[in-house]
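Okay, here's what each chain looks like letter by letter:
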Amino acid sequence: MPAIFTVDPRSGVPLYLQLIEQIKRAIALGTIAPGEQLPTVKALALELTVNPNTVARVYRELERDGVIDTSPGRGSFVRTDGAGVEARRAVADVARAAFETAVREAKSLGLSREETLELMARTIARWYETENE
Amino acid sequence: MTAPISLRGVTKHYGSFVAVDDVSLDVEAGSICGLLGPNGAGKTTTFKCLLGFAKPTSGAIAIEGAPLTPATFESLAYVPERATLYDDFTIADHLEIYRRSYKSYEPARARELLALFELDPSKRAKRLSKGMRTAVALTLAFSIRPRVLILDEPSSGLDPVHQRNVLDLMIDAAANGAAILFSSHQVGQVERAADSVAIMKKGQLIVNSGIDDLKTGEKIIEAVFAGPAPDLGDLAGDPRVLRIEQVGSTVRAVTREGSDEIAQRLFALHPKSIRTIDLNLEEIFMNAVSGDQR
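These lines cover the structure that appears in this document, whether it is placed above or below. (Residues numbered from 1 in each chain as written. Chains lettered and ligands numbered in written order. Predicted model: local features only at pLDDT ≥ 70, side-chain atom pairs only at ≥ 80, totals over all residues. Heavy atoms only, no water.)

When helices and strands are tallied, chain B shows 9 helices and 13 strands. Taken over the C-alpha atoms alone, chain B extends approximately 75 × 40 × 35 Å along its principal axes. Within chain B, residue pairs in contact and separated by at least 24 positions form 72% of the contacts whose partners lie at least 6 positions apart. Counting only carbon and sulfur atoms, one obtains 51% of the accessible surface of chain B, whose full area is about 13,400 Å². (Helix = DSSP H or I, 4+ residues; strand = E, 2+ residues; numbered from the N terminus. Contact = heavy atoms within 4.5 Å. Areas by Shrake-Rupley, 256 points an atom, 1.4 Å probe, with all protein chains shown as cover.)

It is worth spelling out the layout of surface pockets at this point. What the largest pocket holds in volume is close to 1,200 Å³. T101 and R104 of chain A together with D260, T276 and D278 of chain B are, among the 35 residues lining the largest pocket, the residues nearest its centre. Secondary structure elements with two or more residues in the lining of the largest pocket: α1 (15–29), α3 (52–64) and α4 (83–108) of chain A together with α8 (259–267) and β13 (273–278) of chain B. When residues of the lining of the largest pocket are assigned to their parent elements, the largest contribution, 9 residues, is made by α4 of chain A. Of the residues in the lining of the largest pocket, the class split is 13 nonpolar, 8 polar and 14 charged. (1 Å grid on protein atoms, 1.4 Å probe; cavity = no way out; pocket = protein on both sides within 12 Å on 5 of 7 lines; lining within 4 Å. Points joined across faces, edges and corners; volume = space filled by probe spheres on them. Nonpolar A, V, L, I, M, F, W, Y, C, P; charged D, E, K, R; others polar.)

If you walk through the whole model with that rule in mind, you get 28 salt bridges over all chains. Taken together, the shared-partner salt bridges connect D234, D238, R240, E261 and R265 of chain B into one network. (Salt bridge = Lys/Arg side-chain N within 4 Å of Asp/Glu carboxyl O.)

Attention shifts here to helix α4 (residues 130–142) of chain B. Residues and elements named next belong to chain B. With 13 residues, α4 extends 19 Å between its outermost C-alpha atoms, agreeing within 8% with the 18 Å of an ideal straight helix rising 1.5 Å per residue. Buried residues of α4: G131, R133, T134, A135, V136, A137, L138, T139, L140, A141 and F142, and no others. In this structure, the buried residues of α4 make contact with β5 (76–79), α2 (91–101), α3 (107–116), β6 (148–152) and α5 (160–175). (Expected span 1.5 Å × (residues − 1). Buried < 20%, exposed > 50% of the residue type's maximum accessible area, 1.4 Å probe, protein only.)

Another point: the packing of α1 of chain A against α4 of chain A. All names here are of chain A. Running from N to C, α1 and α4 point in directions that differ by 120°, and their axes come no closer than 8 Å. As summarised for this structure, α1 and α4 are arranged oblique, according to the angle between their axes. α1 and α4 meet at a crossing whose hand is left-handed. Where α1 abuts α4, its residues E21, K24, R25, I27 and A28 lie against A83, G84, A87, R88, A90, V91 and V94. Among the residues making up the contact of α1 with α4, the classes are represented as 7 nonpolar, 1 polar and 4 charged. (Axes fitted to C-alpha atoms, helices over the stretch in contact; angles between N-to-C directions. Parallel < 35°, antiparallel > 145°, perpendicular 65-115°, else oblique. Left-handed = near helix turned anticlockwise from the far one by under 90°.)

Below you can see the structure in the form of C-alpha cells.
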C-alpha cells in the first residue's frame, strides 16, 4: 500500500478513530485506489506497532461504512463502488468538525459575528487564492 | 468458554496485609492486557498467584480453562521483572535447557530472537547487563511460541529500539492467537500494544476496560464563567461525573462517560466559554490512582 499512516498513541483520540480517519483520507485523496488490497491485520499492526484487535476494529468499521470489502481468505480491498464517495463524505465530516471547533473557539474568546466572519473570509482568501488564478 | 487467562475473586493475604484484594480479570485469546499500578499495588503478587508461585487466600485461577498443572507450562511463558538465570551458564546453555524441557521449543525461532536482541550465545549470564538478562528471558519465553504470556515489566533495562521489539513480539503473538498479560510503568507502551487496560491500586483492581472505550468516555469538560462560578446543582452527584474541580471562575468536570450530556448541562449555566479536553492513558491513569472516587 503506497499510503503512509502514523498513529499517536499519546493522543486522547482512540487509535482506531485515528486510523479510520487516515485511511478514509487516503482513499479520498486517491493515494489508495479503488480495488486496492489493504495489508493484513497482522501486517498493519506490526508496521505501526499497535494492537491487532485495534486494526481488526478499524477494518470492521470501514467495512460497515461501505469503504472496504473483506472476504475470508482473500483479504480486505477498497470497494470499487462508492468507496470514494463514502471516504469524501467522511473527510467532509472531519473538515466540518474542525470548522465547528474554530467558530466555537472564536465565539468563546469573545469575537463578534462580524469579526468571526471577517476572519473566515481572510483565511479563505489566503488558502483558495491560488486556485482561482 | 473461559478466557485463556482468568482470575475470579483472587485475594492474597500476607498476615494481616492484603496484597491482592478480590481481583477478577479475563484476558481473551488474541488480546493484550496492560496492567498498570504504582509500586506495591499488587501487580507482581497477582502474577505469582497466576503462576502458582503463591497460593491465593481465596478465589480461583484458570489458565486455558483449567487449574495450573505442570503441563500448563508447555504453552505458558513467564518473564519476571528480574530475569532468573544461572550465572555460570552461557546463553546457549540456557537455550539447551529449554530444548530439553519443552516439546514446544523451536530452535529456529530462538536463533531469530537472539539476532533480534543482538545476543551472543557464548556469553555467560553473570557477564550480562540488566537489559541483556531481560532479553535472554524474552528469547526463552518466545522460543516456545506460548499461547499464554505473562510478562512483568518486560522491557526493563532495554534501550528504546529493543523496547519496541518487545512490543512487536507481543503484537505478533497476539495476532497468532496468544493471550497476553503484561505489567509496565511505561503507560505509552500499554497505550500502543494493549487493547485492554487493568489498573491496580492498593491490591484492588480499580479499572478494567478496553483502552478505546476508556478514552472515549473519560474527558474533561472545562467551563469558564464571566464571574464566580454559579451553583452547579447536583452535577457532582451525576454518576457519569468522576470529579469536579473549581478554581475561581473555571469549572472542570472529569467525566467517566456521557461527556456530551455533561457539557450540555454546563452549557445551560451560560458559561463564557466551554471546551472538551481529550485525556490520554497517562492522564486517565493518574486520575484513577490519585482520586478516591472510584
